[in-house]
Amino acid sequence: MRVAAVLPAALALLVLALSASRGSSATQATTAAPCKNSSAIAFEIRTMQAEKAIRCLVNRSRKKAGLKPLRINRRLRKAARRHSRYGERTNCISHQCPGEPSLPKRLRTVGYPGCSNCSYGYGEAIGWRQGRRASARGIVKAWLASSNHRAILFDRQAREIGIGVAWGSPRASDPKKAVAGIFTAIAGFHRG
């Protein structure tokens with residue numbers, strides 16, 4: 001009689017233990033999954049897909065460094081996209097291309113506080129890659145190898161990011177559909 005009462009309780013505990021271990025395995029598999037489209041090169045995917053892959057790779061790297069992930073800020077994203085497209089159109093790779101407003105003014109234009117002495121801060125990482133390196137993985141690897149870009153992406157106060165990608169080369173001598181990409185990431189934070 002006693003065995004009959006203990007057996008259902010033991011089975012219930014076994015079912016709970018198996019469910020919990022499956023849940024943690026699924027969670028581990030999800031966090032270990034690669035960032036989707038991270039190795040796809042220019043023109044193989046849409047620019048929005050590349051932007052998502054960049055954010056995923058940046059956040060993975062931040063997590064390894066013990067930092068919080070960056071959430072997308074639509075205003076920063078709009079400024080980053082505009083900057084990348086402007087660079088592609090005008091054959092320029094710079095933080096301020098000829099005829100383009102400064103970063104603080106570009107941020108104010110999209111409604112993000114672009115001020116140097118207020119409670120908001122920001123930093124911009126730019127770059128371009130070509131060939132097999134014109135991918136989310138290629139640009140994030142380059143940014144993390146640069147101490148200045150790494151400092152922007154790994155700023156402990158940063159909480160949000162905007163990423164912009166334009167397929168094409170900033171070099172006028174390259175064909176219009178050159179396998180290349182111009183990448184901009186603007187990290188932002190609120191100090192107060």
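Cut-offs applied
Residues numbered from 1 in each chain as written. Predicted model: local features only at pLDDT ≥ 70, side-chain atom pairs only at ≥ 80, totals over all residues. Heavy atoms only, no water. Disulfide = S-S within 2.5 Å. Helix = DSSP H or I, 4+ residues; strand = E, 2+ residues; numbered from the N terminus. Buried < 20%, exposed > 50% of the residue type's maximum accessible area, 1.4 Å probe, protein only. Expected span 1.5 Å × (residues − 1). Contact = heavy atoms within 4.5 Å. Polar contact = N/O pair within 3.5 Å; in protein donor to acceptor, adjacent residues only side chain to side chain. Phe/Tyr/Trp six-rings, centres within 6.5 Å; stacked < 30°, edge-to-face > 60°. Pairing = 2+ DSSP bridges. Axes fitted to C-alpha atoms, helices over the stretch in contact; angles between N-to-C directions. Parallel < 35°, antiparallel > 145°, perpendicular 65-115°, else oblique. Left-handed = near helix turned anticlockwise from the far one by under 90°. Nonpolar A, V, L, I, M, F, W, Y, C, P; charged D, E, K, R; others polar.

**Q** Sorry if this is basic, but what is going on with the state of the cysteines here?
**A** According to the stated counting rule, one finds two disulfides in the structure shown. Residue pairing for Cys 35: its cysteine sulfur links by disulfide to Cys 56, the two sulfurs lying 2.0 Å apart. Where Cys 35 bonds to Cys 56 through sulfur, the torsion about that S-S bond is close to -75 degrees, and the disulfide is left-handed. In this pair, Cys 35 is assigned in the loop between helix H1 (2-32) and helix H2 (47-64) and Cys 56 in helix H2, connecting sequence segments 21 residues apart. Classification of Cys 35 by relative accessible area gives buried; the value is 5%. Judged by relative accessible area, which is 26%, Cys 56 ranks as partly exposed.

**Q** Explain helix H3 (residues 74-90) here, please?
**A** Given a rise of 1.5 Å per residue, 17 residues ought to cover 24 Å, and the 24 Å separating the end C-alpha atoms of H3 matches this to within 8%. The inward-facing, buried residues of H3 contact H2, helix H4 (103-109), strand E2 (120-130), strand E3 (160-167) and strand E4 (180-190). Between the side-chain oxygen at the start of H3 and the backbone nitrogen of Arg 75 there is a gap of 2.9 Å, and the oxygen is on Asn 73. Just past H3, the residue Asn 91 takes up positive phi, approximately 55 degrees.

**Q** How should the side chain of Ser 135 be read in this particular structure?
**A** Topologically, Ser 135 is positioned in the loop between E2 and helix H5 (136-145). If sequence neighbours within four positions are ignored, Ser 135 has contacts with Ser 38, Ser 39, Ala 40, Ile 41 and Phe 183.

**Q** Whenever I open this one, the packing of aromatic side chains confuses me. Can you help?
**A** What characterises a pair of aromatic rings is the spacing of the ring centres plus the angle enclosed by the ring planes. Here the structure, examined in full by the defined rule, presents two aromatic pairs. Arranged with centres 6.2 Å apart and planes meeting at 80 degrees, the rings of Trp 167 and Phe 183 form a pair that is edge-to-face. Taken together, the positions of Trp 167 in strand E3 and Phe 183 in strand E4 put the pair 16 residues apart, joining distant regions of the chain. A relative accessible area of 12% places Trp 167 in the buried class. Here the aromatic residues Phe 43, Trp 167 and Phe 183 are joined through ring pairs into a cluster of three or more.

**Q** Looking at this structure, I do not really get the sheet that holds E4. What am I missing?
**A** Strands in a sheet are paired, the pairing made by backbone hydrogen bonds, and the direction either parallel or antiparallel. Pairing in this open sheet of four strands is mixed, and the strands run E1-E3-E4-E2 from one edge to the other. Strands with a single pairing partner mark the edges of an open sheet, and in this sheet they are strand E1 (71-72) and E2. Inspection of the sheet shows E2 paired to E4 by eleven bridges, in the antiparallel sense. In the strand pairing of E4, Ile 126 is matched with Thr 184.

**Q** Even after reading the chapter, I still don't get the packing of H2 against H5, so can you show me in this structure?
**A** Each packed pair of helices is defined by two parameters, the angle between the axes and the distance between the axes. With their axes 9 Å apart at the nearest point, H2 and H5 run at an angle of 40 degrees to one another. Relative to H5, H2 is oriented oblique. Between H2 and H5 lies a crossing of right-handed hand. Two secondary-structure elements touch here, H2 through Ala 50, Ala 53, Ile 54, Leu 57, Val 58 and Ser 61 and H5 through Ala 136, Arg 137, Ile 139, Val 140, Trp 143 and Leu 144. For the contact of H2 with H5, the residue count by class is ten nonpolar, one polar and one charged.

Geometry only, nothing functional implied.
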